[in-house]
Amino acid sequence: MKQNSTKEILVIALKLLVICSIVATIIAAVNFITADKIAYNEKLNTAVALTGIYFEDYGKEFEVDEDRFVISEDGNIRISCNQVEFDFSSKNIKALYVLSDVHNNTLGYCVSIQPMGFKDYIKMLVAVNPDCTVKGVEIVSMSETSGIGTKAQDPAFLNKFTNLNSTEVSSEVDIISGATKTSKPVIDAVAASLNEVSLYISENGGEN
Amino acid sequence: MNENKFSVKKHFFSSLFDQNPILVQLLGACPTLATSTSLVNGLGMGLSATAVLVLSNLLISLLRKFIPKQVRIAAYIVIISGFVTAVELLIKAFIPALDKSLGLFIPLIVVNCIILARAEAFASKNGPVLSMIDGLFMGIGFTLALGVLGFIRELLGSGTVLGFAIPGFKPILFFVLPAGAFLTLGCLIAAVNKILEIAKNKKGGKK
């Protein structure tokens, strides 16, 4: 009797192993198909969001590479964005890009930052001028409460940040009433991005 | 136990109405309340859940003689979460707009009791083709209920339909919050139950 039940348990365990292996194979296969496309979409999102900050109208072409992407118009490169290696001071900061024009002059910087909102992470891009003031803020994605937290992606709110420096961002931009848990992380993230860029500039002696 | 006469048409209408997974069977209430904040979110969630339902019903049905009875729930959960992960990756890669709006809610499909219930009640006892059909129909019933709920909550709570604001309408914020979700769902269930009762009496009265 005892031996039987040990055998039974082993058989059950083996069967579970087979089932898990089948499922793992399916997931691995899907991941193989989708991994590159997902990475590409992330960069594309960044490029599209940046276009919103730097250009009045859309209709630009994007070229995405491993650690850079390029925004062009009529075949002419307008902005080249290069991802740089940097030891970020906050785990919320995902990437730092240096933006240059076709003559390699630094146009500015872009920080991809993901603070925790009320429900989930808020994916944001903060475009920074060479003097560490805000060029623009773009919310790439958020899952906050419809009608309340989503107010934080209204242009009316995001435009408040333009041309402010880090201290001004923290003191002058008001939290959206009723949406504190969404708007405060956004405000803090913008300030953190500006600080990170000034840190990068001081450590890299003002870009070329 | 296989039914001798499986009527596809009958199963379709029963999945939509008198056996509707949320409104009658009261399954999957948690993700329903969370994702029915707008019409698009509700439909997107419903369709994603339907995809997972069909795929997991298929695999579970194919493996039904292999899965040991003592650990069947654990096996179902592994299979369901595997497909949720797969569907999430596919959405992130090929329909990024949907990923943007649903985001966190897609992994929530794993805790959707409808999928586990259909696995236990149908897929573990029937062939693969029938199981896929059952998954599809139950998924459509779920999506329909989510769509109606999402439409009502978006209209009354945000004053918009598919994102377009209704001019001159002042929304009642309550409806996009959890308490409003409970209330709306409750009213919807009551309404559907009443309609089903009337339909049943009519059928009974005919004879």
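Structural notes, computed from the coordinates. (Residues numbered from 1 in each chain as written. Chains lettered and ligands numbered in written order. Predicted model: local features only at pLDDT ≥ 70, side-chain atom pairs only at ≥ 80, totals over all residues. Heavy atoms only, no water.)

**A closer look at the pairing of strand S2 (residues 68-73) of chain A**
Residues and elements named next belong to chain A. Under the convention used in this document: At least two bridges found by DSSP between two strands are what make those strands a pair. We count a stretch as a helix when DSSP gives it H or I for four or more residues in a row; a strand needs E for two or more, and each element gets its number in order from the N terminus.
The pairing of strand S1 (residues 61-64) with S2 spans four bridges and is classified as antiparallel. Across the sheet, the residue bridging to Glu 61 is Ser 72, located in S2. As defined by bridge partners, S2 adjoins strand S3 (residues 76-83) across six bridges and the pair is classed as antiparallel. Of the residues in S3, the one forming a bridge with Ile 71 is Ile 79.

**What about the layout of surface pockets?**
The following threshold applies: The way it works is a 1 Å grid over only the protein atoms, where trapped points that fit a 1.4 Å probe form a cavity and open points with protein on both sides within 12 Å along at least five of seven lines form a pocket, and then any residue with an atom within 4 Å of a point lines it. Grid points are joined across faces, edges and corners, and a volume is the space filled by probe spheres set on the points.
Size it by volume and the largest pocket reaches roughly 600 Å³. Every residue lining the largest pocket is counted, 26 residues in all, and those nearest its centre are A:Ser146, A:Thr150, A:Gln153, B:Asn41 and B:Ser101. Counting residues per element, the ones that place at least two in the lining of the largest pocket are strand S7 (134-141) of chain A together with helix H3 (39-62), helix H5 (96-102) and helix H7 (128-158) of chain B. Its boundaries defined by the atoms lining it, the second largest pocket holds a volume of some 500 Å³. Taken together, 22 residues line the second largest pocket, and the ones lying closest to its centre are A:Lys123, A:Ser141, B:Lys92, B:Asp99 and B:Lys100.

**Section: the environment of B:Asn57**
Residues and elements named next belong to chain B. Which entries qualify depends on this criterion: For the exposure calls, accessible area comes from a 1.4 Å probe over protein chains only, and a residue counts as buried if that area is under 20% of its type's maximum, exposed if over 50%, partly exposed in between. Any two residues having at least one pair of non-hydrogen atoms within 4.5 Å are treated as being in contact. Under the rule applied, a polar contact is a pair of N or O atoms within 3.5 Å (in protein, one hydrogen donor and one hydrogen acceptor; residues adjacent in sequence only if both atoms are side-chain atoms).
Looking at the element boundaries, Asn 57 is found in helix H3. Its relative accessible area of 0% is what places Asn 57 among the buried residues. For the pair Asn 57 and Ala 93, spaced 36 residues apart in sequence, the C-alpha separation works out to 24 Å. Asn 57 has contacts with Arg 118, Ala 119, Ala 123, Ser 131, Asp 134 and Gly 135, leaving out every residue within four places of it along the chain. From its side chain, Asn 57 meets the backbone oxygen of Ser 131 in a polar contact 3.0 Å long.

**With respect to the interface of chain A and chain B**
When the parts of a complex come together, some accessible area is lost, and that lost area is often used as the size of the interface. As a reminder of what qualifies: Buried area adds together the accessible area that both of two parts lose upon being put together, with accessible area traced by a 1.4 Å probe. Here a salt bridge means any side-chain nitrogen of Lys or Arg lying within 4 Å of a carboxyl oxygen belonging to Asp or Glu.
The partner chain B presents 28 residues to the 26 residues of chain A that form the contact. Across the chain A to chain B interface the summed buried area is about 2400 Å²; carbon plus sulfur atoms make up 79%. Summed over the shared surface of chain A and chain B, the number is zero salt bridges. Elements that contribute at least two residues to the side of chain A that touches chain B include exactly helix H1 (2-54) and S7 of chain A. Broken down by element, the side of chain A that touches chain B gets its largest block of residues, 18 residues, from H1(A).

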